[in-house]
Amino acid sequence: MRSTATPGPRRRDLRWRGALDALGVVRRAPGITRAELARRAGLSSGSATEITARLRELQLLRESPAPVTGRGRPTTVLGAHPRGPLVLAVDLRHEDWRLALAGLDGRVEHVAAGRHRRRDPASVLDALGAAIAAERARQRGRVRVISLAVAGTVQEQGLVQASTLGWGEVDLGVLRRGSALPLLVGNDATLAGVAEARGGAGADARAVLHLTVEVGIGGILVVDGDPVTGATGAGGEFGHVPLGGSTLRCPCGARGCWDILVDGRAMARHLGQRAPANARTYARAVLDRAGTDSAARRAADACAAALGTGTAGLVNALDPDVVTLGGLGVPLHQVSSAAFRRAYLSGLMVFRRRSPPPVRPAFHGEDGALQGAAEVGLDAVLTEGGLEGWARAHVRGAR
Ligand SMILES: [Zn+2]
């Protein structure tokens with residue numbers, strides 16, 4: 001017979017476990033009825049009532065009457081509490097930044113944005129830190145986590161290299177402005193991949209390879225909703241694999257990187273022009289005129305072929321169910337679909353060509369990184385420690 005002497009903390013953990021299961025269900029399906037919640041979380045109707053009452057009291061869930069349909073018994077639907085905890089999601093890109101808030105239902109709401117006046121780390125982080133502080137003050141303690149997506153390589157929650165910003169290792173802790181709030185840091189393409197795998201174009205798949213073309217190309221393999229980021233978190237730098245057979249020097253320091261074969265810099269080379277100051281805008285313009293300008297079309301086709309070849313190499317290596325394409329990868333794939341397809345299929349191992357993993361445009365578009373940042377921020381809030389902290393700090397009278 002098992003011992004009945006359960007220590008205190010264990011009993012408390014079990015209490016949060018039911019709550020976490022319930023919150024997990026509502027997070028994936030906001031607007032769900034209490035009866036359906038009980039079914040999906042494997043709770044009895046009594047436990048579901050008890051748990052939702054407690055979560056209401058803790059300002060985590062809101063329960064409101066469901067719209068009356070037919071003659072069934074009136075029921076209630078569950079959603080994020082309007083005064084509940086928030087994730088402040090931040091997207092730091094090479095030309096600008098954006099802030100968004102997400103509640104427990106994961107819905108992202110844009111709240112602020114700005115362009116970099118100067119690109120040096122001190123100026124950028126000062127402006128961004130001020131915006132973060134202002135938003136936190138506006139939300140009066142509801143922000144529990146700052147979750148940052150950054151266009152650079154992240155290792156152990158720190159930014160070690162951001163070639164497109166011209167930054168080396170930078171301390172992002174200054175964004176906290178001395179507060180004790182957790183700051184999560186992730187690579188933007190990695191977080192966009194998390195968003196696509198969990199609730200986007202790869203939501204039906206177990207293993208999703210996400211690739212984002214901006215200036216260069218980033219991406220990640222996401223398995224069961226979790227990014228495969230390696231030993232230190234810096235994995236997924238697919239752009240710096242020599243996938244295209246060139247010997248050109250990349251700003252990262254290596255030679256032959258895939259990065260510089262698929263973007264605006266590559267298009268400029270194909271068009272015999274100098275490296276553009278803004279490779280993203282340049283690539284957009286080339287893709288826009290590719291329908292009528294044959295030189296632009298050839299440049300786009302060459303980049304699409306390089307994208308297809310590298311994608312095939314990664315599919316051979318990583319075995320995803322689905323490939324999702326974000327950023328400029330979407331219009332590039334659209335404009336030069338035949339060139340992409342040819343290179344993709346010829347790069348695949350023969351056994352894969354019968355049913356190659358489908359290549360789909362990203363669902364979240366420009367919001368992928370913000371949505372992914374909100375997702376991993378919510379992962380941190382929706383833990384036993386996260387809920388304890390919320391209950392202690394924010395809800396009067398909570399034990
Ligand atoms: Zn490189």
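Residues numbered from 1 in each chain as written. Predicted model: local features only at pLDDT ≥ 70, side-chain atom pairs only at ≥ 80, totals over all residues. Heavy atoms only, no water.

Distances from the zinc ion to its protein donors, His 240 (ND1), Cys 250 (SG), Cys 252 (SG) and Cys 257 (SG), fall at 1.9 to 2.3 Å. Considering all four donor atoms around the zinc ion, angles at the metal cover 100 to 115 degrees and the coordination shape is tetrahedral. Between consecutive donor residues of the zinc ion, the sequence gaps follow H-x9-C-x1-C-x4-C. Placement of the pair is His 240 in the loop between strand 13 (226–227) and helix 6 (264–270) and Cys 252 in the loop between strand 13 and helix 6, with a sequence separation of twelve residues. A residue is classified by how much of its surface remains accessible, and His 240, at 26% relative accessible area, is partly exposed. (Donors = N, O, S within 2.8 Å, 3.2 Å for Na, K, Ca; no water. Tetrahedral: all angles 85-135°; square planar, octahedral: opposite > 155°, others 65-115°. Helix = DSSP H or I, 4+ residues; strand = E, 2+ residues; numbered from the N terminus. Buried < 20%, exposed > 50% of the residue type's maximum accessible area, 1.4 Å probe, protein only.)

Our next topic: the pattern of salt bridges. The final tally for this structure, using the stated rule, is 27 salt bridges. Salt-bridge contacts for Asp 126 lead to Arg 177; the nearest nitrogen and oxygen are separated by 3.3 Å. Within this pair, whereas Asp 126 is found in helix 4 (residues 121–138), its partner Arg 177 is found in the loop between strand 9 (158–161) and strand 10 (183–187), the two being separated by 51 residues in sequence. The partly exposed category is assigned to Arg 177, whose relative accessible area is 44%. (Salt bridge = Lys/Arg side-chain N within 4 Å of Asp/Glu carboxyl O.)

Applying the stated criterion across every chain yields a total of one aromatic pair. Here the guanidinium or amino end of Arg 54 rests over the ring plane of Trp 16, the centre of that ring lying 5.5 Å away. (Phe/Tyr/Trp six-rings, centres within 6.5 Å; stacked < 30°, edge-to-face > 60°. Lys NZ or Arg CZ within 6 Å of the ring centre and 35° of its normal.)

Its boundaries defined by the atoms lining it, the largest pocket holds a volume of some 1,000 Å³. In this structure, the largest pocket is lined by 50 residues; those nearest its centre are Ala 151, Asp 188, Thr 212, Glu 214 and Val 215. Looking at the lining of the largest pocket, the elements that each hand over two or more residues are strand 8 (153–155), helix 5 (188–199), strand 11 (207–214), strand 12 (216–223), helix 7 (279–289), strand 14 (322–327) and helix 12 (368–381). With five residues, the single largest contributor to the lining of the largest pocket is helix 5. Of the residues that constitute the lining of the largest pocket, the class distribution is 15 nonpolar, 21 polar and 14 charged. Taken as a whole, the second largest pocket holds about 410 Å³ of empty space. Lining the second largest pocket are 17 residues, and of these Arg 27, Arg 28, Asp 105, Arg 198 and Glu 375 lie nearest its centre. Here the lining of the second largest pocket takes five residues from helix 1 (residues 8–28), the largest share from any one element. Across the lining of the second largest pocket, the residue classes tally to five nonpolar, five polar and seven charged. (1 Å grid on protein atoms, 1.4 Å probe; cavity = no way out; pocket = protein on both sides within 12 Å on 5 of 7 lines; lining within 4 Å. Points joined across faces, edges and corners; volume = space filled by probe spheres on them. Nonpolar A, V, L, I, M, F, W, Y, C, P; charged D, E, K, R; others polar.)

Below, the discussion takes up the sheet that holds strand 12. Within the open sheet, the five strands sit side by side as 13-12-11-14-15. Their pairing is mixed. The outermost strands of the open sheet, each flanked by one partner alone, are strand 13 and strand 15 (359–361). The sheet contacts of helix 8 (residues 294–318) involve strand 11, strand 12 and strand 14, and relative to strand 11 the element is tilted by about 155 degrees. (Pairing = 2+ DSSP bridges. Contact = heavy atoms within 4.5 Å. Axes fitted to C-alpha atoms, helices over the stretch in contact; angles between N-to-C directions.)

For the structure on display, the rule yields one cavity of 30 Å³ or more. Taken as a whole, the largest cavity holds about 30 Å³ of empty space. The wall of the largest cavity is formed by Leu 23, Val 26, Arg 27, Leu 60, Leu 61, Leu 104 and Asp 105. Per-element accounting of the lining of the largest cavity gives the leading share, three residues, to helix 1. For the lining of the largest cavity, the residue count by class is five nonpolar, no polar and two charged.

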